[in-house]
Every structure is written in C-alpha cells, then in structure tokens.
Amino acid sequence: MLSQSTIDIVKATAPVVAQTGPALTAHFYDRMFSHNPELKDIFNMSNQRNGDQREALFNAICGYAANIENIEALLPVVEKIAQKHTSFMITAEQYQIVGGHLLATIDELLSPGQDVLDAWGEAYGLLADIFIQREEQIYQSIESDTGGWRGLREFKVVEKQQQSSLITSFVFKPCDNKPVVGFNPGQYLGIYFDNGEFDYQEIRQYSLSSKPETDSYRISVKREGEGLVSNHLHNSVKVGDIVKLAPPAGDFFLDQQSDKPVVLISAGVGLTPTLSMLETLADKERAVTWLHATENGEQHAFKQHVLDICQSRGDFEYATWYNAPLAQDVPAEDYQHQGLINLSKLNHQQLPKDAEVYFCGPVAFMQSVAKQLTELGFTSSQIHYECFGPHKIL
C-alpha cells in the first residue's frame, strides 16, 4: 500500500503533471527511445508518429493519479493493458526501464524536487507490480493450458483468401502439428515480423475472425493505405510462409455463460471480432442480431458467409448499411439501409432492451453507436467495445 504522504504528494502534483499535456509523453518517448533504442522493436512506431500511443499513455498517467486512493477503480483498465502487454511479451525488466525514464521526464520538465520524485516513484512501483503480477498470471495460464505456449511459436500460412476489395483472411497452423490453445471469441492474435524488410521488428494484434478451432487460427486483415504490416501481409505473405505468433489475448470477448440476447454491431474490418462471436453463437440457444455497416458491395467482407449463418438459424436478425452503394448494389437484397447506422430504425426484436451489445469499428462509428445505445436506454454494463490500436474512451 502507498503511504498517505505519497498519496497526498501525487494528488497535489497531478494537476501540474497534467498541464504539461502532450509535452510530457513526447519527452518521455523521445528520451526512452534515445537511451533504449531496442524498445523500438516492441513499440508500434506508427502509433508513435500519429500520436495515438502518446495520448494513451498520458491518459493512463492522469487516470492513475486521479484514482490513487481507489486502485480498484483501475482494475478494468489494468486488465485491458495487461492483456495487450502479454501479446507484446512485456517483461518485468522493461517496467523498470519505463519507470526510470518517466521519473527522469518529470524531473527534466518540472524539477519538482526529490520528495515529489520519490512519491511518484513509489506510486509507479505499486502500479508496475500490479501489472507484472497480473501479466505473469496470464503467461502461466496460457502456457499451462492445452495447446498453449509462452513466447513465440512458428505457424505456417495454410490459406490466404480475399474477402473483399480491402480485406484478406489468413489461416495459420502450427509447424509442430500440435494443438493450439483456445480463445474467447473477440480476442486477438499477436503476429511478429523481423525479417529485415522493416527498420524495426513489427508487432501487430489482429482479431481472430473465426470460432475457436483446435488446430488453427484465422485473422482477417484490412489493407491500410500507409500500413506497413497490413500491406506486407497482403502483398508479400503467401501460403506456405512461416510466421511467428504470440498466444491469443484480449479483454473484449463474448460472455458465453450468459443467456441474454446478443447484438453484434460492426463497421468495416471491425466485423472480425464480432464474426468470431457470430460463428460461436451459430449453434447456441441465444437470440442474435447482426448489424454491419460498410461503404458498398465491393468492400462488404464475408457477406455470403454471414447470410448463410443467419438464414440457417432462421431466428437470427440481421441488417446491413451501405454508406455509398454502387450501381450494382441492390437495395433490400445486398443491403437493407443506406447511410450510417441508425439504431432507431430497428424494432424491439432486432434490438432487445435486455441485450448484451458488442461493437467494433472506427472510433467515430463507435462513438456514434455508444451515444445511440445510451439514448435508447442501454446501460454501461450492457455495452462492450474494442478499439483497434491504443484504447480510447467513448
């Protein structure tokens, strides 16, 4: 536990730290990468350039300081970050490096005095210990499970299939031909590339896009305009290639113990985790609604696959929105609505008031969905979402 003196100092100085804004995290990352360039093989440098990772760290620091007396309130955030850290194979030693650079940054920007640095150091040490312990639990749990492993494991690409003009699926099977550990529908898979084609090792997490299998994993990746790894996967990775994977992870997943209705809402490649949920629910006795938004028929991934699942059940509701239909896209056949998703168009059967809602897509889309759900009376406990990349609060 933290001493009262430490709590008082952190609370008193937190507003000053917060006022530094982006300068704090910018200085921190520049300093850390200068002294420890090997960490560029861990951090997504694209998220450094666009500022997303810096924003996420700043929000985490401010959130921790604001809840310094109520660590319990941080546990959901701790779980989200701990899951992501295990996919990056973060170690206890790296927490020490990060802590040292964080304290040095505060000192160099604010010169607050040793008492303040000691207090922030103690507070950071407590939080780091919480993460280290939780991450070790995750590592051990996955490693000891059937088909589990720790670290990286080699897999062969056994299938590569284009699902739309932008999205391609990849199926991986382990090179050792042993079983693979299961996962919760909605979780992601870590993939590592260190083949000399990039300046640094590149690590990405992609949602698993199928129901759990015992011998393989499937991801479905959107080609991003400036995406180093997504373009490498689309352009260069082929059937027969070997890739290195970290075990499945993630805190966004379907509650399979519940019997409540499920509403799955997605836009674009955000359908990957919800598709895993849909495939899993196909043989379950639960009411399901599938809602998906995309630009047009050319970008509509897994269209027939989803339709087959929903129609085979008969009691699954579904609707699709095309924002800009093409001339060949047929209303009521290829899509049910035009424009952006508008939940007010749905009836009670399509959007049950007691449903658990899972959604994923671009941040603006998710902000709109969250706002609509709240206005329709859904509680925060019913609403579950996943951001691709650093987490954002909707």
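In this text, all values refer to a predicted model and were calculated from it rather than measured experimentally.

Q: Let's hear about the overall build of the protein chain: which residues, and what values?
A: Each helix and strand in the protein chain was counted, giving 11 helices and 12 strands. Relative to the globule expectation of 21 Å for 394 residues, the C-alpha radius of gyration of the protein chain, 22 Å, shows essentially globular dimensions. Principal-axis analysis of the C-alpha atoms places the extent of the protein chain at approximately 70 × 50 × 40 Å. The long-range share in the protein chain, meaning contacts at least 24 apart out of those at least 6 apart in sequence, stands at 74%. With the model as given, the accessible surface of the protein chain reaches about 18,300 Å², and the carbon-plus-sulfur share is 50%. Side-chain charges in the protein chain split into 30 positive and 50 negative, and the spacing between the mean points of these groups amounts to 5 Å.

Q: Tell me about the sheet that holds strand β5 (residues 217-222), and name the residues and values.
A: Judged by pairing direction, the sheet is antiparallel, and its six strands sit side by side in the order β4-β3-β6-β1-β2-β5 without closing on themselves. Among the strands making up the open sheet, the edge pair consists of β4 (202-207) and β5. The sheet shows a mean angle of 40 degrees between the axes of neighbouring strands, taken without regard to direction. For strand β1 (residues 153-162) and strand β6 (residues 242-249), the ladder comprises four bridges, and the chain directions are antiparallel. Across the sheet, Arg153 pairs through a bridge with Leu245, a residue of β6.

Q: Describe the nonpolar core, and please don't skip the residues or the numbers.
A: One finds Trp120, Phe172, Tyr217 and Leu233 to be the most contacted residues of the largest nonpolar core, which totals 62 residues. Looking at which element gives the most residues to this core, the answer is helix α7 (residues 114-144), with 11 residues. Once residues lying within four places of it in the same chain are set aside, the contact partners of Tyr217 are Trp149, Phe155, Phe170, Val171, Phe172, Val180, Val181, Phe183, Leu189, Leu208, Leu245 and Pro248. Grouped together as the second largest cluster of nonpolar side chains are 23 residues, Ile341, Leu351, Val357 and Leu373 included.

Q: Just give me the short version of the packing of helix α6 (residues 92-110) against α7, but keep the residues and values in it.
A: In the contact formed by α6 and α7, the axes pass within 10 Å of each other and the chain directions differ by 155 degrees. Viewed along their axes, α6 and α7 adopt a mutual orientation that is roughly antiparallel. In the packing of α6 onto α7, the handedness of the crossing is right-handed. On α7, the residues touching Ala92, Tyr95, Val98, Gly99, Leu102, Leu103, Ile106 and Asp107 of α6 are Leu117, Trp120, Gly121, Tyr124, Ala128, Phe131, Ile132 and Glu135. When grouped by side-chain class, the residues that make up the contact of α6 with α7 number 12 nonpolar, two polar and two charged.

Q: Run through the environment of Asp354, naming residues and quoting values.
A: By secondary structure assignment, the location of Asp354 is in the loop between β10 (337-338) and β11 (356-360). Judged by its relative accessible area of 43%, Asp354 is partly exposed. Measuring from C-alpha to C-alpha, the distance between Asp354 and Val262 comes to 8.9 Å, with 92 residues separating the pair along the chain. When residues no more than four places from it in sequence are discounted, the contact partners of Asp354 are Lys260, Pro261 and Gln382.

Q: Pulling in residues and values, what's your account of helix α1 (residues 4-19)?
A: For α1, which comprises 16 residues, the first-to-last C-alpha distance of 24 Å matches the rise-based estimate of 22 Å (1.5 Å per residue) to within 8%. The sharpest bend along α1 comes to roughly 40 degrees, located at Thr13, with the proline Pro15 sitting one to four residues further on. Along α1, the positions that sit buried rather than exposed are Thr6, Ile7, Val10, Thr13, Ala14 and Val17. Contacts made by the buried residues of α1 are with α2 (22-35), α4 (52-66), α6 and α7.

Q: So, the packing of aromatic side chains: which residues are in play, and what are the values?
A: Going through the model one piece at a time under the given rule, you end up with 12 aromatic pairs. Plain terms: the ring middles of Phe28 and Tyr29 are 4.9 Å apart, the flat faces sit at 65 degrees to each other, and that makes the pair edge-to-face. Note on Phe28: relative accessible area 4%, which makes it buried. Residue classification places Tyr29 among the buried positions, given a relative accessible area of 2%.

Q: Tell me what's going on with unusual backbone geometry, and back it up with residues and numbers.
A: Phi at Met89 is positive, roughly 55 degrees, even though this residue is not glycine. The topology assignment puts Met89 in the loop between α5 (75-87) and α6. What makes Met89 partly exposed here is its relative accessible area of 26%. Not every positive phi belongs to a glycine, and Phe302 is a case in point at roughly 55 degrees. Within the secondary structure, Phe302 is located in the loop between β8 (288-294) and α10 (303-313). When its relative accessible area of 5% is taken as the criterion, Phe302 is described as buried.

Q: Requested: an account of the environment of Lys303, with residues and values cited.
A: Looking at where Lys303 falls in the secondary structure, it is placed in helix α10. By relative accessible area, Lys303 is classed as partly exposed at 29%. For the pair Lys303 and His101, spaced 202 residues apart in sequence, the C-alpha separation works out to 48 Å. Contacts of Lys303, omitting those with residues within four sequence positions, involve Tyr322 and Asp334.

Calculation criteria
- Residues numbered from 1 in each chain as written.
- Predicted model: local features only at pLDDT ≥ 70, side-chain atom pairs only at ≥ 80, totals over all residues.
- Heavy atoms only, no water.
- Helix = DSSP H or I, 4+ residues; strand = E, 2+ residues; numbered from the N terminus.
- Rg over C-alpha atoms; globule rule 2.2 N^0.38 Å.
- Contact = heavy atoms within 4.5 Å.
- Areas by Shrake-Rupley, 256 points an atom, 1.4 Å probe, with all protein chains shown as cover.
- Lys, Arg positive; Asp, Glu negative; His and termini not counted.
- Charge placed at Lys NZ, Arg CZ, Asp CG, Glu CD.
- Pairing = 2+ DSSP bridges.
- Axes fitted to C-alpha atoms, helices over the stretch in contact; angles between N-to-C directions.
- Core = buried A, V, L, I, M, F, W, Y, C linked by side-chain atoms within 4.5 Å.
- Buried < 20%, exposed > 50% of the residue type's maximum accessible area, 1.4 Å probe, protein only.
- Parallel < 35°, antiparallel > 145°, perpendicular 65-115°, else oblique.
- Left-handed = near helix turned anticlockwise from the far one by under 90°.
- Nonpolar A, V, L, I, M, F, W, Y, C, P; charged D, E, K, R; others polar.
- Expected span 1.5 Å × (residues − 1).
- Bend = angle between axes of the 7 residues up to and from the residue.
- Phe/Tyr/Trp six-rings, centres within 6.5 Å; stacked < 30°, edge-to-face > 60°.

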